[in-house]
Amino acid sequence: MKFSINRELLLKPLLLVSGAVERKSTLPILGNILFEISKQSLTITATDLELEMVAYADIDNQDDDGKLTIPARKLLDICKSLPENSLITFTAQDDTVKLSSGRSRYSLSTLPATDFPNIEEWKGDVEFKLLKSELLRLIESTHFSMANQDVRYYLNGMSIESEGNEIRSVATDGHRLAICKISNDSLALPARQVIVPRKGILEIIRLLSPVDEEVDVYLGSNHIRIIDSEFSFTSKLVDGRFPDYRRVLPRNGDKIFITDKEQLRQVLSRASILSNEKFKGVRLNFSHSLLKITANNPEQEQAEEELEIDFPYENLEVGFNVSYVLDVLSAIKDEQVKFTLADANSSVVIEGADSGEALYVVMPMRL
């Protein structure tokens, strides 16, 4: 088996699939990447048994078709360190593969391709096309609200839902909730909900670029698959029931407060410096024309910030984890942000003042 490929043409697919390579696996084969040569095309596959990434490249094949597995990290490091536009020639014999480029020679040990795990064949029962920019926006708008290593394992991921002409992403860690929806009149989808694990969501963000190119999305009973011209991404789903978030959406908010997002973000960022490092609590005191933000910590240090506002309601004091509010302000694209409040013990609803595409709920803190 012998083939040649330009360094740049190999490096891009290698970087695409590297996120699925298992770093600390008890199975040595998972540290390898599967190379499949068929005529003049190369298919590169990596998996950690939860995710599977496939990418493609054109090669100059000088021998028979075949398969081999090569240590991922070493191959990637060698490719990165070779000069730009180098031509790399691979020659496989028995349990080794020899790489040569100019005056450089490397010999890597391989493992049998027959041992490489393959995610079983499956068919998606819900299929739709989305622009990469839309899918990325859907996920980036909510991913920060996913739980991390929560015992309620179904929260360590994101709910992706389809219904009619809408696709929604929902994430919650029990203290905050993020919902984003995208409507597309060309869609007519069945009602379906799947939970994509945290690692899969972070990998999708890494793979997608905010461009107006379509990708195919397939939802199955146990997997989600995203297919692009350059790659195919498959992730197992979390087996569990996502909580009925509609029940926790606050309905009693009667006080609406609209302000400049960037100004509020800067004020909260400054106040957060002196908040308790563990709980990150800040107090928001609303009066008719002034929002007073205070934070203090166990060292008896205090921060106080003021912002002119229009709040034609009774005075209100409410405490929040400032990190949660800052995450939301970073995700909202609108210049103005809208808060809907009820009282000191009720959750706040935060959304962009114009778009209404994404909605965020943050629970209050007792300070």
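First, a word on scope: everything that follows refers to the structure included in this document. Numbering of residues begins from 1 in every chain and follows the order in which that chain's sequence is written. Per-residue local features are limited, in this predicted model, to residues with pLDDT of at least 70; the limit for side-chain atom pairs, both in listing and counting, is 80 or more; totals at the level of whole chains, interfaces and linings are taken over all residues. Only hydrogens and water are set aside; all other atoms, that is, all heavy atoms of the structure, feed into the side-chain values.

Here helix H5 (residues 261-272) spans 16 Å end to end across twelve residues, near enough to the 16 Å set by a 1.5 Å rise per residue. Within the span of H5, buried status applies to Lys 261, Leu 264, Val 267, Leu 268, Ala 271 and Ser 272. Along H5, the residues classed as buried sweep out an arc of 135° about the axis, all on the same side. Looking at the packing, one finds that the buried side of H5 touches strand E18 (255-260), strand E19 (281-286), strand E20 (290-296), strand E21 (302-308), helix H6 (322-331) and strand E23 (336-341). We define a polar contact as two N or O atoms separated by no more than 3.5 Å, with the added condition that, inside protein, one atom must be a possible hydrogen donor and the other a possible acceptor, whereas residues neighbouring each other in sequence contribute only through side-chain atom pairs. Secondary structure elements follow DSSP: runs of H or I of four or more residues count as helices, runs of E of two or more count as strands, with numbering from the N terminus. Its side-chain oxygen placed 3.3 Å from the backbone nitrogen of Glu 262, Asp 260 serves as the N-cap of H5. To estimate the expected span of a helix, subtract one from its residue number and multiply by 1.5 Å. Burial status follows relative accessibility: with a 1.4 Å probe on protein chains alone, a residue under 20% of its type maximum counts as buried, one over 50% as exposed, and anything between as partly exposed. In this description, one arc is meant: the one made by directions from the helix axis to the C-beta atoms. In this description, contact between two residues means that some pair of their heavy atoms is separated by no more than 4.5 Å.

Whenever a helix is involved, its axis is fitted only over the stretch in contact; in every case the axis is a line through C-alpha atoms, and angles between N-to-C directions fall within 0 to 180 degrees. For the pair H5 and H6, the least separation of the axes is 10 Å and the interaxial angle reads 150°. In terms of axis orientation, H5 runs roughly antiparallel to H6. Of the two elements, H5 crosses H6, and the hand of that crossing is left-handed. Across from Lys 261, Leu 264, Arg 265, Leu 268, Ser 269 and Ser 272 in H5, the residues of H6 making contact are Val 322, Val 325, Leu 326, Leu 329 and Ser 330. Side-chain classes follow a simple rule in which Ala, Val, Leu, Ile, Met, Phe, Trp, Tyr, Cys and Pro form the nonpolar group, Asp, Glu, Lys and Arg form the charged group, and the remainder, Gly included, forms the polar group. Grouping the constituent residues of the contact of H5 with H6 by class yields six nonpolar, three polar and two charged. Between 65 and 115 degrees an angle is taken as roughly perpendicular, under 35 as roughly parallel, over 145 as roughly antiparallel, and anywhere else as oblique. Crossing chirality is assigned from the near helix's rotation relative to the far helix, an anticlockwise turn below a right angle marking it left-handed and a clockwise turn marking it right-handed.

This next bit is on a positive patch on the surface. To count toward a patch, a residue needs a relative accessible area over 30% and no salt bridge; like charges are then connected within 9 Å, while nonpolar side chains (Val, Leu, Ile, Met, Phe, Trp, Tyr) are connected within 5 Å. Only the protein chains shown count as covering a residue, and every accessible area follows the Shrake-Rupley method with a 1.4 Å probe. A pairing counts as a salt bridge when a side-chain nitrogen of Lys or Arg comes within 4 Å of a carboxyl oxygen of Asp or Glu. Under the counting rule used here, the positive set is Lys and Arg, the negative set is Asp and Glu, and His together with the chain ends is not counted. For charged residues, the charge sits on one atom: NZ in Lys, CZ in Arg, CG in Asp, CD in Glu. Judged by side-chain charge, Arg 23, Lys 24, Arg 73 and Lys 80 come together as a positively charged surface patch. Mapped onto the elements of the fold, Lys 24 is located in the loop between helix H1 (7-17) and strand E2 (32-38).

One non-glycine residue, Lys 39, lies in positive phi territory at about 55°. Structurally, Lys 39 is set in the loop between E2 and strand E3 (41-47). For Lys 39, a relative accessible area of 62% translates into the label exposed. Non-glycine residue Gln 300 carries a positive phi angle of around 65°. Tracing the backbone shows Gln 300 in the loop between E20 and E21.

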